[in-house]
Amino acid sequence: MQIARVVATRATCPRRHVGAVIVRDRQILSTGYNGSPPGQPHCTDVGCLMEDGRCIRTLHAEQNALIQAALHGTSTEGSTLYCTCRPCHVCARMIVGAGIQRLVFFGPIPEGWASEVLTSAGVTLVQINDLLPPLTAQNIELLRVR
């Protein structure tokens, strides 16, 4: 989980810093953080693109980790995803579709349908609370790799 926290320092949306790491057999398969798709402007450069109180410019950390695995031809079947935040309903569906069997995350249990999708697909949910303080703009510099 600490690796996911370090990956989160690469996030390019100042509203939230989320990191994800996909692992199988103690081997890191892929990592991801919330940021814009390749070739698109980043929130840190042009500002957030807000819709319904949320920034829609960036991909979620889980999405980026899954995309990176796919781009490099790495199967995520039977793997574990570590994430510094619970997944939304879109990420939950992607996690199930990618064959991830275990999800370890900080914070509350996924809301509503996201939780239902994960549990009905047999994904093991491991919730971690208060292990470390949440990433904020104030403490992100402490974790940034230099």
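Residues numbered from 1 in each chain as written. Predicted model: local features only at pLDDT ≥ 70, side-chain atom pairs only at ≥ 80, totals over all residues. Heavy atoms only, no water.

### Topic: the layout of surface pockets
The computed volume of the second largest pocket comes to approximately 170 Å³. Every residue along the wall of the second largest pocket is listed here: Thr31, Gly32, Tyr33, Gly35, Ser36, Pro37, Pro38, His42, Leu59, Asn64, Ile67 and Gln68. Listed by contribution, the elements that provide at least two residues to the lining of the second largest pocket are β2 (27-33) and α3 (61-71). Across the lining of the second largest pocket, the residue classes tally to 5 nonpolar, 7 polar and no charged. (1 Å grid on protein atoms, 1.4 Å probe; cavity = no way out; pocket = protein on both sides within 12 Å on 5 of 7 lines; lining within 4 Å. Points joined across faces, edges and corners; volume = space filled by probe spheres on them. Helix = DSSP H or I, 4+ residues; strand = E, 2+ residues; numbered from the N terminus. Nonpolar A, V, L, I, M, F, W, Y, C, P; charged D, E, K, R; others polar.)

### Overview of the environment of Arg54
Along the polypeptide, Arg54 turns up in strand β4 (residues 54-55). Under the relative-accessibility criterion, Arg54 is labelled exposed at 61%. Put simply, Arg54 and Arg15 are 39 residues apart on the chain and 8.9 Å apart in space, counted from C-alpha to C-alpha. The residues contacting Arg54, other than those within four sequence positions of it, are Arg15 and Leu49. (Buried < 20%, exposed > 50% of the residue type's maximum accessible area, 1.4 Å probe, protein only. Contact = heavy atoms within 4.5 Å.)

### Thoughts on the environment of Cys43
With respect to the element layout, Cys43 can be found in helix α2 (residues 43-46). Classification of Cys43 by relative accessible area gives buried; the value is 5%. Remark: the alpha-carbon pair of Cys43 and Ala11, spanning 32 residues in sequence, is separated by 9.5 Å. Not counting residues up to four positions away in its chain, the partners in contact with Cys43 are Thr12, Cys13, Pro14, Ser36, Cys48, Cys55, Arg57 and Thr58.

### With respect to the environment of Gln63
Looking at the element boundaries, Gln63 is found in helix α3. In this structure, Gln63 is in contact with Val90, Cys91 and Met94, ignoring residues within four places of it in sequence.

### Some words on unusual backbone geometry
With phi around 65°, Arg26 is a residue other than glycine that occupies positive phi space. For Arg26, a relative accessible area of 83% translates into the label exposed. Unlike most non-glycine residues, Asp52 shows phi in positive territory, near 55°. Here Asp52 shows up in the loop between β3 (50-51) and β4. By relative accessible area, which is 74% here, Asp52 ends up exposed.

### Remarks on the packing of helix α4 (residues 89-97) against helix α5 (residues 112-120)
The contact between α4 and α5 brings their axes to 8 Å, and the two run at 10°. Accordingly, the angle class assigned to the pair α4 and α5 is roughly parallel. Where α4 approaches α5, its residues His89, Ala92, Arg93, Ile95 and Val96 are matched on the opposing element by Trp113, Ala114, Val117 and Leu118. Residues that form the contact of α4 with α5 fall into these classes: 7 nonpolar, 1 polar and 1 charged. (Axes fitted to C-alpha atoms, helices over the stretch in contact; angles between N-to-C directions. Parallel < 35°, antiparallel > 145°, perpendicular 65-115°, else oblique.)

### Structural notes on the packing of α3 against α4
Packed helices, taken two at a time, are described by their axes: the angle between them and the distance between them. Their axes nearest at 9 Å, the elements α3 and α4 cross at an angle of 30°. Between α3 and α4, the interaxial angle falls into the category roughly parallel. In this structure, α3 crosses over α4, and the sense of that crossing is left-handed. Residues Glu62, Gln63 and Leu66 of α3 form the contact with α4, whose own contacting residues are Val90, Cys91, Met94 and Ile95. Its residues assigned to classes, the contact of α3 with α4 shows 5 nonpolar, 1 polar and 1 charged. (Left-handed = near helix turned anticlockwise from the far one by under 90°.)

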